[in-house]
Amino acid sequence: MTRRPVDIGVPERLYTVTGGRSRAVDDSFDLVTLIVAECAPSAGMQSEHVRILRLCRTPTAVVELSADLGMPVTVVRILLGDLLATGRITARHPPPPSGGSFPLPDSALLKEVLVGLRNL
C-alpha cells in the first residue's frame, strides 16, 4: 500500500484562519469527542465557524469535522476552542473504557482476530 501525501491547503491560509495560533488553548478535544451546535450561525462570523455550526446540527466527531472541512485536526481544534469559549457548541466526551458498562474484550480473542486479519 502506497501512502499519499496529505494536502492540508496553503499554510498561509491556515495561519490566517487560526489567527496565527498553532495550538488550541484547551486540549479537551480528542478525535472522537462529539460536537453539537448550540445555536445557529450569526452574521459576521468567520466562515469556518459557520461551517462547523452547520455541520454540528447533529453530534459530529472532531475527526469527521476535520475530514468534512478539509483541514488538519489541529486547526479544527483551535476553531472548536473558539466556539466552545463563546458557548456556541457543546463537547460530549466519550465515556472512559473502564466505566464497567462495556466489558473489555479478552486479549486472547483480540490476538486471534489480529492473526485472522493478517492472514487475509
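The rules we used
- The residue numbers shown here count from 1 along each chain, following its written sequence.
- Local features in this predicted model are restricted to residues whose pLDDT is 70 or higher, and side-chain atom pairs enter the listing and the counts only when it is 80 or higher, whereas totals over whole chains, interfaces and linings include all residues.
- Values reported for side chains reflect all heavy atoms of the structure, with hydrogen atoms and water molecules removed beforehand.
- Strand pairing is assigned whenever DSSP identifies at least 2 bridges connecting the two strands.
- Only runs of H or I of at least four residues qualify as helices and only runs of E of at least two qualify as strands under DSSP, and these elements are numbered from the N terminus.
- In this analysis an axis means a line fitted to C-alpha atoms, helices contributing only their contacting stretch, and an angle means the value between N-to-C directions, from 0 to 180 degrees.
- Should an angle lie under 35 degrees it is considered roughly parallel, over 145 roughly antiparallel, and from 65 to 115 roughly perpendicular; all remaining angles are considered oblique.
- The contact rule is simple, with two residues in contact once any of their heavy atoms fall within 4.5 Å.
- Classes in brief: Ala, Val, Leu, Ile, Met, Phe, Trp, Tyr, Cys and Pro nonpolar; Asp, Glu, Lys and Arg charged; the others, Gly included, polar.
- Excluding any residue in a salt bridge, patches collect residues exceeding 30% relative accessible area, merging like charges within 9 Å and nonpolar Val, Leu, Ile, Met, Phe, Trp and Tyr side chains within 5 Å.
- The method behind every accessible area is Shrake-Rupley, applied with a 1.4 Å probe, and residues are considered shielded solely by the protein chains displayed.
- Salt bridges are counted wherever a side-chain nitrogen of Lys or Arg sits within 4 Å of a carboxyl oxygen of Asp or Glu.
- Accessible area is worked out with a 1.4 Å probe on protein chains only. A residue is then buried under 20% of its type maximum, exposed over 50%, and partly exposed in between.

As recorded in an unreviewed UniProt entry, the chain goes by DUF742 domain-containing protein and comes from Streptomyces zhihengii.

(A) Quick look at the pairing of strand β1 (residues 34-37). Bridge analysis of β1 against strand β2 (residues 60-61) gives two bridges, and the strand direction is antiparallel. The partner of I35 across the bridge, within β2, is T60.

(B) Spotlight on the packing of helix α2 (residues 47-55) against helix α4 (residues 73-85). Relative orientation of the contacting elements α2 and α4 amounts to 80°, with a least axis distance of 10 Å. Regarding the angle of α2 to α4, the classification is roughly perpendicular. Where α2 approaches α4, its residues E48, H49, I52 and L53 are matched on the opposing element by L79, L80, D82 and L83. Taken together, the residues that form the contact of α2 with α4 break down as five nonpolar, one polar and two charged.

(C) Layout of a nonpolar patch on the surface. A cluster of nonpolar side chains, contributed by L109, V113, L117 and L120, occupies part of the molecular surface with about 440 Å² of accessible area. Inspection of the secondary structure assignment puts L120 in the segment after α5 (107-119). L120 gets classed as exposed once you look at its relative accessible area, which sits at 84%.

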